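# Close look at the chain arrangement
Here is how the chains run, residue by residue.
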Amino acid sequence: MTTTATVTRSSTRTVLRWVVSFTGFPLGGLAAMLLVGPVDGLAPALAGGLVTGTVLGAVQAWALRLDRSAALAWIGATAAGLAAGLAVGGSAVSFGTTAGELAVQGAVSGALVGVAQAVVLARRLGAAAAAWPAYVAGVWALGWTLTTAVGVDVERHWTVFGAAGAVTAAVLTSVLPLALERRSR
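Residues numbered from 1 in each chain as written. Predicted model: local features only at pLDDT ≥ 70, side-chain atom pairs only at ≥ 80, totals over all residues. Heavy atoms only, no water.

## Some remarks on the overall build of the chain
As a reminder of what qualifies: Going along the chain from the N terminus, every DSSP run of H or I of four or more residues is numbered as a helix, and every run of E of two or more is numbered as a strand. The globule rule used here is 2.2 Å times the number of residues to the 0.38 power, and the radius of gyration it is set against is calculated over C-alpha atoms.
From N to C terminus, the chain includes eight helices and zero strands. Written out in order from the N terminus, the α and β elements of the chain read α-α-α-α-α-α-α-α. Computed over C-alpha atoms, the radius of gyration of the chain comes to 16 Å, within 12% of the 16 Å expected from 2.2 N^0.38 for 185 residues, which places it in the range of a compact globule. Seen through its principal axes, the chain has C-alpha atoms that stretch 55 × 30 × 25 Å.

## A few points about the nonpolar core
Stated formally: Put simply, buried Ala, Val, Leu, Ile, Met, Phe, Trp, Tyr and Cys residues joined by side-chain atoms within 4.5 Å make one nonpolar core. The classification of residues rests on relative accessible area computed with a 1.4 Å probe and restricted to protein chains. Under 20% of the type maximum is buried, over 50% is exposed, and intermediate values are partly exposed. Residue contacts are defined here by distance: any two heavy atoms, one from each residue, within 4.5 Å place the two residues in contact.
Within the largest apolar cluster, 37 residues are counted, with the highest numbers of intra-cluster contacts made by Phe25, Leu64, Trp74, Leu121, Trp140, Phe161 and Leu176. Elements represented by at least two residues in this core include exactly helix 3 (42–63), helix 4 (68–92), helix 5 (99–125), helix 6 (132–149), helix 7 (163–172) and helix 8 (175–184). Aside from chain neighbours lying at most four places away, what touches tryptophan 74 is Gly57, Gln60, Ala61, Leu64, Leu66, Gln117, Val120, Leu121 and Leu176.

## Digging into empty space enclosed by the protein
Put simply, the rule reads: Put plainly, a pocket is an open set of points on a 1 Å grid over the protein atoms alone with protein on both sides within 12 Å along at least five of seven lines, a cavity is a set where a 1.4 Å probe fits but cannot get out, and a lining residue has an atom within 4 Å of a point. Grid points are joined across faces, edges and corners, and a volume is the space filled by probe spheres set on the points. All amino acids are sorted into three groups, where Ala, Val, Leu, Ile, Met, Phe, Trp, Tyr, Cys and Pro are nonpolar, Asp, Glu, Lys and Arg are charged, and the leftover types, Gly among them, are polar.
According to the stated counting rule, one finds two cavities of 30 Å³ or more in the structure shown. Estimates place the volume of the largest cavity at around 100 Å³. Lining of the largest cavity is provided by 13 residues; of these, Trp18, Phe25, Gln60, Trp140 and Thr173 occupy positions nearest its centre. In terms of residue class, the lining of the largest cavity is made up of nine nonpolar, four polar and no charged. Of the voids in this model, the second largest cavity is the one considered here, and its volume is about 50 Å³. Val39, Phe95, Gly96, Thr97, Leu102, Gln105, Val154, His157 and Trp158 together form the lining of the second largest cavity. Of the residues contributing to the lining of the second largest cavity, the split by class is five nonpolar, four polar and no charged.

What follows is the structure, given as structure tokens:
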């Protein structure tokens, strides 16, 4: 029999492991900047989103403790979603870097990452996975808003928001590993 204390300890570990996944955002953004350069056009957005999404997806797959097959699906979905999202979102705002433009880019990027991840999540979460894209869109818009508010040099055209937005995004999206844990019980 599972006790409340055992469930609480397990949930706390699950959330803490997920929050550590915030590192995937700055690591992915740095890798993309080094490999692709600034996101100031369609081709760099696609390539940069693919690089960043791969790194982010890998770190999140680790945090979710996914088996090899599920991890590859998660990484692929995150990479494809961010490549498409950054291309569409960046194009929608002409790759601008004002707070409003980056919030729009973040919302579009988050929505497309959420859609791609929801496809993977549907097997485990069923219809509840349909809420993920809208939630991630809002979280990613907030991530960019916080990044611009704390003074990150957004004019460098990063693929993804900085650490302040990343920590916030990781905390707010910790509902996912908790939902997955609850389903597995």
